[in-house]
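Single-letter residue listing:
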Amino acid sequence: TFGAQLVLTDKEALMLERWNTPSETVYFSSTDTIKINEPITAFIIFSGCGADENGNCNLIGKYKIYQPDGSVYADLPFQEIWVNKPVPPNRNLALGVGYIKIVIEPHEQLGEYVVEMEVVDNNLKKKLLLETNFTATK
């Protein structure tokens, strides 16, 4: 059972540190508000990717971000989430290796931005469309 979640955080370093510390659970801060000139990072957490003949995943994703007026802010090419890496054991969650950092600059629009991620499992021949949003404020 393939699944994925799109997560936004304003504490990228802390999230990566906690994710890479062995434990039964991982707590990290997510956010839906960011101030001008402060970064917000979008991560993909997934499980259940399909295995190829070598037991590896082939998971890629494509980010598209919309500005508050509905116009496209960014339409990025496909990038690796988890390619030619072993399927995480025991249906464990994994953090995709590809992520993006977004910084809204002073001349850009304030308001609600929509972040979409099309996740493609090339082994399972399945796609997921994930969506979340954040608000840029002064």
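In this report, we go over the structure that sits alongside the text. Every chain's residues receive numbers from 1 upward, in the order its sequence appears when written. Reporting in this predicted model follows two pLDDT cut-offs: at least 70 for local features of residues, and 80 or more for side-chain atom pairs to be given and counted; totals over whole chains, interfaces and linings ignore these cut-offs and use all residues. Working from all heavy atoms in the structure, the side-chain values ignore hydrogens and water.

1. Topic: the overall build of the protein
Move 1: The secondary structure content of the protein amounts to one helix and ten strands.
Move 2: Note that the radius of gyration is over C-alpha atoms, with the globule rule given as 2.2 Å times the number of residues to the power 0.38. The C-alpha radius of gyration computed for the protein amounts to 16 Å, which stays within 12% of the reference 14 Å derived for 138 residues, consistent with globular compactness.
Move 3: Overall size of the protein, expressed as C-alpha extent along the three principal axes, is 50 × 30 × 20 Å.
Move 4: Buried means the residue's accessible area, taken with a 1.4 Å probe over protein chains only, is under 20% of the maximum for its type, while exposed means over 50%, and partly exposed covers the values in between. Evaluated residue by residue, the protein yields a buried proportion of 39% over its 138 residues.
Move 5: In the protein, the share of contacts with a sequence separation of at least 24, taken over all contacts with a separation of at least 6, comes to 68%.
Move 6: Here the accessible surface of atoms and residues is derived via Shrake-Rupley with a 1.4 Å probe, and residues count as covered only by protein chains that are part of the display. Surface summary for the protein: the accessible area is close to 7700 Å², and the carbon and sulfur share equals 49%.
Move 7: Positive and negative side-chain charges of the protein, numbering 12 and 18 respectively, have mean locations separated by a distance of 2 Å. The helix count covers DSSP runs of H or I at least four residues long, the strand count covers runs of E at least two residues long, and both are numbered beginning at the N terminus. In this analysis, two residues are considered to be in contact whenever any of their non-hydrogen atoms come within 4.5 Å of each other. We score Asp and Glu as negative and Lys and Arg as positive, and we do not count His or the chain ends. A charged residue contributes its charge at one atom only: NZ of Lys, CZ of Arg, CG of Asp or CD of Glu.

2. Observations concerning helix 1 (residues 12–19)
Move 1: Turning to helix 1, its buried residues are Glu12, Met15 and Trp19. Looking down the long axis of helix 1, one finds its buried residues gathered within 65° of arc, a one-sided arrangement. Residues of helix 1 that are exposed and angled more than 90 degrees away from the buried face: Ala13 and Glu17.
Move 2: Lining the buried residues of helix 1 we find strand 1 (3–9), strand 3 (39–47), strand 7 (94–95) and strand 8 (100–103). Of all possible arcs, the one meant is that of the directions from the helix axis to the C-beta atoms.

3. Looking at the packing of aromatic side chains
Move 1: Each pair of aromatic rings taken from Phe, Tyr and Trp, with Trp reduced to its six-membered ring, is defined by centres within 6.5 Å and is described as stacked if the planes are under 30 degrees apart, edge-to-face if over 60, and tilted in the remaining cases. For the structure on display, the rule yields four aromatic pairs.
Move 2: With a centroid separation of 4.6 Å and an interplanar angle of 35°, the aromatic rings of Phe43 and Tyr99 are classed as tilted. With a gap of 56 residues between them, Phe43 in strand 3 and Tyr99 in the loop between strand 7 and strand 8 connect regions that are remote in the sequence.
Move 3: Assessed through its relative accessible area of 0%, Phe43 is described here as buried.
Move 4: Plain terms: the ring middles of Tyr113 and Phe134 are 5.2 Å apart, the flat faces sit at 5° to each other, and that makes the pair stacked. Within this pair, whereas Tyr113 is found in strand 9 (residues 111–121), its partner Phe134 is found in strand 10 (residues 126–137), the two being separated by 21 residues in sequence.
Move 5: Classification of Phe134 as buried rests on a relative accessible area of 0%.
Move 6: An aromatic cluster of three or more residues is present, and its members are Tyr73, Tyr113 and Phe134.

4. A look at the side chain of Asp121
Move 1: The topology assignment puts Asp121 in strand 9.
Move 2: In what follows, salt bridge is the name for a side-chain nitrogen of Lys or Arg lying within 4 Å of a carboxyl oxygen of Asp or Glu. Here Asp121 occupies a buried position and makes no salt bridge, while the nearest side chain of opposite charge, Lys125, is found at 7.7 Å.
Move 3: Within 3.5 Å is the distance limit for a polar contact, defined as a pair of N or O atoms, with the added protein rule that one can donate a hydrogen and the other accept it, and that residues adjacent in sequence qualify only through two side-chain atoms. Within the structure, the side chain of Asp121 is placed 2.9 Å from the backbone nitrogen of Leu124, a separation counted as a polar contact.
Move 4: If near-sequence neighbours (up to four positions away) are discounted, Asp121 is found in contact with Phe2, Cys49, Gly50, Asn58, Leu59 and Lys126.

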